[in-house]
Each structure stands twice: as structure tokens, then as C-alpha cells.
Amino acid sequence: MFTYASHVWRIRHFWLSLVRMDLRTRYRRSVLGLGWSLLQPLAMTAVLCLVFSQILQNAQVSNYVPHLLTGLVCWNFMIGCALQGCQSFFLGEPYIRQCPLPLAVYPLRTTIGAFFHFTMAIMVLTVIVGIMRGAAAPAAYFSLFPSMLVLFVFGWSLAVLAGTSNVFFQDTQHLAEVGFQILFYLTPIIYRMSDVASHPSAWLLNFNPLVPFMQLIRAPLLDGAPPPVATFGWAIGMTAVAASLAATVLHKMQAKLIFHL
């Protein structure tokens, strides 16, 4: 594993150039540029806030908007890694056929692009939440760094698993889109855990694997404190499982994947 990771790092100029090419292509001749990646969660927050602030009578705008924004930003990163990761090996097919580089670099290309937009959104979000609810303690902001690292590894693992699955079953992306639409409403993004605590199906939220990752971001920004140790432990545990599965798949498919592209 260490040798494999070292090889990936040695060819960093290659996959970083791929990321730069993707970003350049995406924002070429764009008026708003990077602003487009921030416009979607902001516009969706405005619409949902108008609707749900009326439904959730006890939800003040200053509390509900930060909750909704943090949820949407984390959600967009994770589904971006999974859905865009489905095409990562197909996009890298010309390189895979020419040179036997580690397969991990192609999902990494997708993950870094998504993480770039995620980082920009977190910076804007920190300012917005600070204005609406006041600045948090420095320790809370510093806790974002390990939290974002855990999210990055988790997103990379999702991209690897989704990309590999899509090579063998090319309806993976379409099924994932439907699945994530369902999962969106089973994730406390547009509502809070306390809003559905009395509902008979509220126990399902305790088994939602995405909730701990959202708490890693919400705790520092919304509660002004580092995330609880238990939450961090759950997130690291799920990340370790996903990373182990991704590493196993990459090890087995390194020499075989090209025959299925």
C-alpha cells in the first residue's frame, strides 16, 4: 500500500495537470466562472428557505439557512465524487491504454475537482455563517482541516468504487442518481433531526451513513465547537471501510480493468 501511494505521489504532475485541464475546460468563456459552483446551493437554499421556514414554524432564518447550506455543500461534494466518479475510468481510457499508471489517479482526478469546489464553498459558507450567527472559536475552525481530509478520502473511495462498478455495469450511474435522490430525503439536509424526532421512521436516520460526515462540518460552523469524538470515530470508521474496499478493488483490477473498457 505504501509503495502504491508513493507511486501515485511521484506522478502528481500528471494528475494535477488533468485536474487543471478539467477546471480550465469547465470555466472557459464562463462569465461567473467559479461562481456557478456556488450559485446552485445558494439558489436552492433561497427556494427551500422560503418553503420550509413556513412549514418548520420554530426554524428561524438565522438558524435554518446555515443548516441548509452546510447540508447542501457536503451533499454536493459526496454525490459529485460518486456520480462523476462513474465516468473516471472511461475519461482516462486513452491514458490507461498508453501507460500502466496506478488506476487510483483517475478517480483522484475527479475527487480533487470536486474537493476544489467544496473548499471554495466552505470558505464562503464560513463567512456567511459568521455573519448570520457570529464567529466560532478558533479551535472549531481548525477542526475543519482533519474533517475535510476525512471527507476527501471518503469521496476518493466512493469515486473508485463507482468508477469500477460502472465499467462492468454501465447503468451504475443512472441507478446511483435515482438512489441518491431517495437518499437525499432520508438525510437531514432540508430538515433537522429534532424536527422528525417524534416520527415513527426517525430511527432510519441513525443508519444513514452520510450523517456523521455532515456533522463534521456542521459542528464547527453551527455549534462553534469541534465535532464530538464519537462522530469523528464513526466517520473515520466508515471511511476506513470504504477505503479498504477501494484499495482491494484497485489491487485486483490494476492489470484487468483495461480489458473491460
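Below, the structure is looked at part by part. (Residues numbered from 1 in each chain as written. Predicted model: local features only at pLDDT ≥ 70, side-chain atom pairs only at ≥ 80, totals over all residues. Heavy atoms only, no water.)

1. Some thoughts on the overall build of the protein chain
Using the following cut-off: Going along the chain from the N terminus, every DSSP run of H or I of four or more residues is numbered as a helix, and every run of E of two or more is numbered as a strand. For the radius of gyration, the atom set is restricted to C-alpha positions; the globular benchmark scales as 2.2 Å times the number of residues to the power 0.38. Residue burial is assigned from relative accessible area. The probe radius is 1.4 Å, only protein chains are included, and a residue is buried under 20% of its type maximum, exposed over 50%, and partly exposed in between. Under the convention used here, a 1.4 Å probe and the Shrake-Rupley method define accessible areas, while residue burial counts only the protein chains that appear. Counting rule applied: Lys, Arg positive; Asp, Glu negative; His and chain ends not counted. Throughout, a charge is located at the NZ atom of Lys, the CZ atom of Arg, the CG atom of Asp or the CD atom of Glu.
When helices and strands are counted, the protein chain shows 12 helices and zero strands. Taken from N to C terminus, the helices and strands of the protein chain fall in the order α-α-α-α-α-α-α-α-α-α-α-α. For 261 residues, the compact-globule formula gives about 18 Å, and the C-alpha radius of gyration of the protein chain, at 19 Å, lands near that figure. Taking the principal axes of the C-alpha coordinates as reference, the protein chain spans close to 60 × 45 × 35 Å. When the 261 residues of the protein chain are sorted by exposure, 45% land in the buried category. Just so you have it, the protein chain exposes about 13700 Å², and 70% of that area is on carbon and sulfur atoms. Across the protein chain, 14 positive and 6 negative side-chain charges occur, with their mean positions spaced 12 Å apart.

2. Some thoughts on helix α12 (residues 229–253)
Note: α-helices contain 3.6 residues per turn, so residues at a spacing of three or four share the same orientation. We count it as follows: Expected helix span is computed as 1.5 Å times (number of residues minus one). Note on contacts: a residue pair is in contact if any heavy atoms of the two residues lie within 4.5 Å.
If you check α12, its first and last C-alpha atoms are 36 Å apart, about what 25 residues at 1.5 Å a residue would give, namely 36 Å. Looking at the buried side of α12, the elements it contacts are α1 (2–10), α5 (88–91), α9 (144–168) and α11 (211–223).

3. Looking at the packing of α11 against α12
Operational definition: For every element, the axis is a line fit to its C-alpha atoms; helices are fit only across the contacting stretch, and the angle between N-to-C directions ranges from 0 to 180 degrees. Angles below 35 degrees are treated as roughly parallel, those above 145 as roughly antiparallel, those between 65 and 115 as roughly perpendicular, and all remaining angles as oblique. Definitions for this section: a left-handed crossing has its near helix turned counterclockwise from the far helix by less than a right angle. A right-handed crossing has that turn clockwise. Under this grouping Gly is polar, as are all residues other than the nonpolar Ala, Val, Leu, Ile, Met, Phe, Trp, Tyr, Cys and Pro and the charged Asp, Glu, Lys and Arg.
Relative to each other, α11 and α12 sit at 130 degrees, their axes nearing to 9 Å. In terms of orientation, α11 and α12 fall into the oblique class. Of the two elements, α11 crosses α12, and the hand of that crossing is left-handed. Mapping the contact onto sequence places P212, F213, Q215 and L216 in α11 and T231, F232, W234, A235, M238 and T239 in α12. By residue class, the composition of the contact of α11 with α12 is seven nonpolar, three polar and no charged.

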